[in-house]
Amino acid sequence: MKTIEEKAVQDPEECARSLSNVIDAMFVLNGRWKLALILCISQSSKRFSEIQKEIPISPKVLANELKHLELNNFIKRNVFPTTPVTIIYEATEYCQTLKNVLCELDAWGKLHRKVITGK
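Here goes a summary of the coordinates provided.

What counts and how
- Residues numbered from 1 in each chain as written.
- Predicted model: local features only at pLDDT ≥ 70, side-chain atom pairs only at ≥ 80, totals over all residues.
- Heavy atoms only, no water.
- Salt bridge = Lys/Arg side-chain N within 4 Å of Asp/Glu carboxyl O.
- Helix = DSSP H or I, 4+ residues; strand = E, 2+ residues; numbered from the N terminus.
- Buried < 20%, exposed > 50% of the residue type's maximum accessible area, 1.4 Å probe, protein only.
- Arc of directions from axis to C-beta.
- Core = buried A, V, L, I, M, F, W, Y, C linked by side-chain atoms within 4.5 Å.
- Contact = heavy atoms within 4.5 Å.
- Polar contact = N/O pair within 3.5 Å; in protein donor to acceptor, adjacent residues only side chain to side chain.
- Patch = residues over 30% accessible without salt bridge, like charges linked within 9 Å, V, L, I, M, F, W, Y side chains within 5 Å.
- Areas by Shrake-Rupley, 256 points an atom, 1.4 Å probe, with all protein chains shown as cover.

Following the criterion strictly, the structure yields two salt bridges and no others. One salt bridge connects K34 with E65, and the closest N-O pair in it is separated by 3.2 Å. Of this pair, K34 sits in helix α2 (residues 34-43) while E65 is found in helix α4 (residues 59-71), placing the two residues 31 residues apart along the sequence. By relative accessible area, which is 4% here, K34 ends up buried. Measuring nitrogen to oxygen at the nearest pair gives 3.6 Å for the salt bridge that ties E54 to K46. Given a relative accessible area of 5%, K46 falls into the buried group.

If you want it as structure tokens, here you go:
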């Protein structure tokens, strides 16, 4: 996308491609928890219970979201043959490509909170 004096300028084809790309990204990252889980697991590899302590999410929803993230190559599930079995979730290299997006969302969220609360 080209910018001129902080304003986005796009021809119709470029706009259609951008819209398609955003729709694809939102399809993969949709839902209330996916970005939060990606951020949580990107900081360090974690077990299921450790993720639950950081994010207030039900076990059923967490298991489902982790499966989706694994299917889309954002996280890797490592199973260790201990008793009981130990499972560690870690961010993939592909997941690290979202780092800038998450930083921008963090900055925007901070700004939005100021706008809404007036603080």
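The rest of the description comes next.
For the rest of this paragraph, the subject is α2. Every buried residue belonging to α2 is among K34, L37, I38, C40 and I41, and all of these are buried. Within α2, the buried residues cover an arc of 165° as seen down the axis, which keeps them to one side.

If you look at the biggest cluster of nonpolar residues, it comprises 19 residues, and the most contacted ones within it are L37, I38, I41, I51, I55, L66 and F74. Those elements that place two or more of their residues in this core are α2, α4 and β5 (86-91). Ranked by residues supplied to this core, first place goes to α2 with four residues. Each residue touching I51, except ones within four places of it in the same chain, is listed here: L37, C40, I41, K46, L62, L66 and Y89.

Moving on to the side chain of K34. Here N30 takes part through its backbone oxygen, which lies 3.4 Å from a polar atom of the side chain of K34. Ignoring any residue separated from it by four or fewer positions in sequence, one finds K34 in contact with V28, L29, E65, H68 and L69.

Below, the discussion takes up the environment of Y89. Tracing the sequence through the fold places Y89 in strand β5. Taking the relative accessible area as the measure of exposure, Y89 reaches 8% and is therefore buried. Sequence separation between Y89 and I75 is 14 residues; the distance between their C-alpha atoms is 6.5 Å. Residues in contact with Y89, not counting those within four places in the same chain, are I41, S45, K46, F48, I51, L66, I75, K76 and R77.

Bringing a nonpolar patch on the surface into the picture now. A cluster of nonpolar side chains, namely W108, L111, V115 and I116, defines an oily patch on the protein surface of about 470 Å² accessible area. Here V115 lies in helix α5 (residues 99-117). Judged by its relative accessible area of 59%, V115 is exposed.

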